[in-house]
Amino acid sequence: MTDTQATTAPLARARIAVLGYGSQGRAHALNLKDSGLDVVVGLRPGGPSWNRAYVDGFAVAEPGEAVRGADLVAVLTPDMVQPDLYRHAIEANIKPGAALLFAHGFNIHFGQIKPRADIDVILVAPKGPGALVRREYEIGRGVPCLFAVHQDATGKAAEKAQSYAAGIGGARAMLIETDFKEETETDLFGEQAVLCGGATELVIKGFETLTEAGYRPEIAYYEVMHELKLIVDLFYEGGIKRMLEFVSETAQYGDYTRGPRVIDASTKERMKEVLKDIQDGTFAREWTAEYQAGLPNYKRFKQADLDHPIEKVGAALRARMPWLQGSKDPTPAAPAPAP
């Protein structure tokens with residue numbers, strides 16, 4: 001189901017608490033505010049996010065206080081801190097009939113959070129990073145959003161979700177109805193098998209294959225990582241068809257005949273195994289246990305990626321590409337008041 005006709009009217013008199021002020025949190029809060037909605041930002045006192053939200057013009061409060069009296073609570077903190085946030089700041093403070101909103105269904109779908117029965121539980125997931133959600137809104141467009149209802153205590157949960165999506169600009173593009181299961185499992189699979197895990201491993205193995213064969217690391221970097229953006233941009237703009245229109249016949253023939261030798265039926269079978277781990281909860285249990293143990297494996301895996309030769313070569317080459325050196329956000333000048 002798609003719907004681009006949703007408006008913010010159902011939330012016109014609502015107070016919205018946005019918990020978290022990272023990439024998505026800041027974009028949602030600013031877009032909602034610019035859509036004329038009443039927004040308070042809930043954060044731990046004293047941190048840089050508190051100061052930034054205050055400088056951006058928001059009322060800022062600690063999370064429990066922000067939740068108290070809110071008609072909709074948007075939980076936009078990292079997945080693994082959400083269960084504690086729900087137990088300590090939300091559960092006792094969210095009023096009956098209010099809506100609890102997530103941008104990713106992980107904690108609801110895998111039972112890490114079990115919401116009270118007297119509240120609506122909904123999802124609005126923009127299909128783009130926070131910077132894009134904000135930028136598209138500012139120029140009068142929007143990023144497509146998924147929306148879903150897990151629990152409809154008031155009979156108006158879907159209406160609230162679509163109204164929130166309209167407030168952040170999603171209804172200007174497209175709203176697609178889904179459910180928490182579909183959003184969570186497909187999102188995790190995309191990250192693990194293709195977008196992050198799959199793409200990273202493909203690039204690294206390509207780099208290693210070339211350098212181990214005696215080719216210079218700088219040349220290998222350009223061929224397997226740097227130029228990947230050009231292809232991904234073509235995919236993004238017009239799918240496989242557009243990519244084929246802009247690469248040579250030689251590249252196309254190599255695509256058709258050698259691509260399936262690298263990514264073959266056995267790769268697809270392993271993708272199915274990854275999906276099964278997601279569907280049966282294996283990944284969720286593993287990741288939860290890893291987080292609770294202090295992230296020892298996560299830290300080791302991350303450091304191994306950062307220490308890989310492709311990163312050292314890439315850093316040196318990117319330093320010679322001035323067009324990649326974007327300006328950083330200025331630090332807020334005015335201090336925020338204490339809570």
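Everything that follows concerns the structure shown earlier in this document.
The sections below set out a description of the structure shown in this document. None of the values given here were measured: they were computed from a predicted structure.

Conventions and cut-offs
- Residue indices follow the written sequence of each chain, beginning from 1 at its first position.
- Only residues with pLDDT of 70 or above have their local features reported here, since the model is predicted, and side-chain atom pairs are shown and tallied only from 80 upward, although totals for entire chains, interfaces and linings are computed over all residues.
- To obtain the side-chain values, all non-hydrogen atoms of the structure were used and water was disregarded.
- What counts as a helix is a DSSP run of H or I of at least four residues, what counts as a strand is a run of E of at least two, and both are numbered from the N terminus.
- It is over C-alpha atoms that the radius of gyration is taken, and the globule rule equals 2.2 Å times the number of residues to the power 0.38.
- Here the term buried applies to any residue with accessible area under 20% of the maximum for its type, exposed to any over 50%, and partly exposed to those in between, with areas from a 1.4 Å probe on protein chains only.
- The contact rule is simple, with two residues in contact once any of their heavy atoms fall within 4.5 Å.
- Note on areas: these come from Shrake-Rupley sampling with a 1.4 Å probe, and a residue is covered only by the protein chains present in the view.
- In this charge count, Lys and Arg are treated as positive and Asp and Glu as negative; neither His nor the chain ends contribute.
- Think of each charge as sitting on NZ of Lys, CZ of Arg, CG of Asp or CD of Glu.
- An expected span of 1.5 Å times one less than the residue number is assigned to each helix.
- Only when DSSP finds a minimum of two bridges between them are two strands counted as paired.
- Each axis is a line fitted through C-alpha atoms, taken for helices only over the stretch in contact, and angles between the N-to-C directions span 0 to 180 degrees.
- For salt bridges, the criterion is a side-chain nitrogen of Lys or Arg within 4 Å of an Asp or Glu carboxyl oxygen.
- Stacked, edge-to-face and tilted labels apply to pairs of Phe, Tyr and Trp rings (six-membered ring for Trp) whose centres lie within 6.5 Å, assigned for plane angles under 30 degrees, over 60, and everything in between, in that order.
- Charges are assigned to positions over rings by a cutoff of 6 Å between ring centre and Lys NZ or Arg CZ, combined with an angular limit of 35 degrees from the ring normal.

## Quick notes on the overall build of the protein
Part 1: Each helix and strand in the protein was counted, giving 16 helices and 8 strands.
Part 2: The globule rule puts the C-alpha radius of gyration for 339 residues at 20 Å, and the 22 Å found for the protein is close to it.
Part 3: Projected onto its principal axes, the C-alpha coordinates of the protein cover approximately 65 × 45 × 45 Å.
Part 4: Counting across all 339 residues of the protein, residues that qualify as buried make up 39%.
Part 5: Within the protein, residue pairs in contact and separated by at least 24 positions form 66% of the contacts whose partners lie at least 6 positions apart.
Part 6: Only carbon and sulfur atoms are counted for the fraction: they give 56% of the accessible area of the protein, which is about 18800 Å².
Part 7: With 38 positive and 45 negative side-chain charges, the protein shows a spacing of 3 Å between the two charge centroids.

## A short note on helix 1 (residues 23-34)
Part 1: Over its 12 residues, helix 1 runs 17 Å from end to end, which matches the ideal 16 Å to within 8%, given 1.5 Å per residue.
Part 2: For helix 1, the secondary structure elements touched by its buried residues are strand 1 (15-19), strand 2 (38-42), strand 6 (120-126), helix 6 (130-138) and helix 7 (157-167).
Part 3: Gly36 occupies a position one or two residues after helix 1 and carries a positive phi of about 90 degrees.

## Observations regarding the sheet that holds strand 7 (residues 145-151)
Part 1: Spatially, 8 strands are ordered 3-2-1-4-5-6-7-8 in an open sheet, and the strand pairing comes out mixed. The outermost strands of the open sheet, each flanked by one partner alone, are strand 3 (59-61) and strand 8 (175-177). On average, each strand axis in the sheet is inclined to that of its neighbour by 25 degrees, with strand direction left out of account.
Part 2: Looking at chain direction, strand 7 and strand 8 are connected through 3 bridges and run parallel. Across the sheet, residue Cys145 finds its bridge partner in strand 8, namely Leu175.
Part 3: Set on the sheet, helix 7 makes contact with strand 1, strand 4 (72-75), strand 5 (99-102), strand 6, strand 7 and strand 8; between it and strand 6 the angle comes to about 30 degrees.

## As for unusual backbone geometry
Part 1: With phi around 65 degrees, Leu295 is a residue other than glycine that occupies positive phi space.
Part 2: Classification of Leu295 as buried rests on a relative accessible area of 16%.

## What to know about the pattern of salt bridges
For side chains of opposite charge, pairing can occur when their charged atoms come near one another.
Part 1: Under the counting rule described, the total for this entry stands at 17 salt bridges.
Part 2: Close ionic contact of Asp233 with Lys229 constitutes a salt bridge, the shortest N to O distance being 2.5 Å. Separated by 4 residues within a single helix, Asp233 and Lys229 lie in helix 11 (residues 228-246), roughly one turn from each other.
Part 3: Under the relative-accessibility criterion, Lys229 is labelled exposed at 52%.
Part 4: A salt bridge links Glu269 to Lys272; its shortest N-O distance comes to 3.4 Å.

## Here we look at the packing of aromatic side chains
Part 1: Tallied over the entire structure, the rule returns 5 aromatic pairs.
Part 2: With 6.0 Å between their ring centres and 75 degrees between their planes, Tyr21 and Phe58 make a pair best called edge-to-face. One end of the pair, Tyr21, is in the loop between strand 1 and helix 1; the other, Phe58, is in the loop between helix 2 (48-55) and strand 3, with 37 residues separating them in the sequence. As far as burial versus exposure is concerned, Tyr21 and Phe58 are alike and both buried.
Part 3: Of the aromatic side chains, those joined through ring pairs into one cluster are Trp287, Tyr291 and Tyr298.
Part 4: The ring of Phe58 is capped by Lys33, whose NZ or CZ atom sits 5.3 Å from the centre of that ring.
Part 5: A cation sits over an aromatic face here: Arg172 above Tyr137, 4.2 Å from the ring centre.

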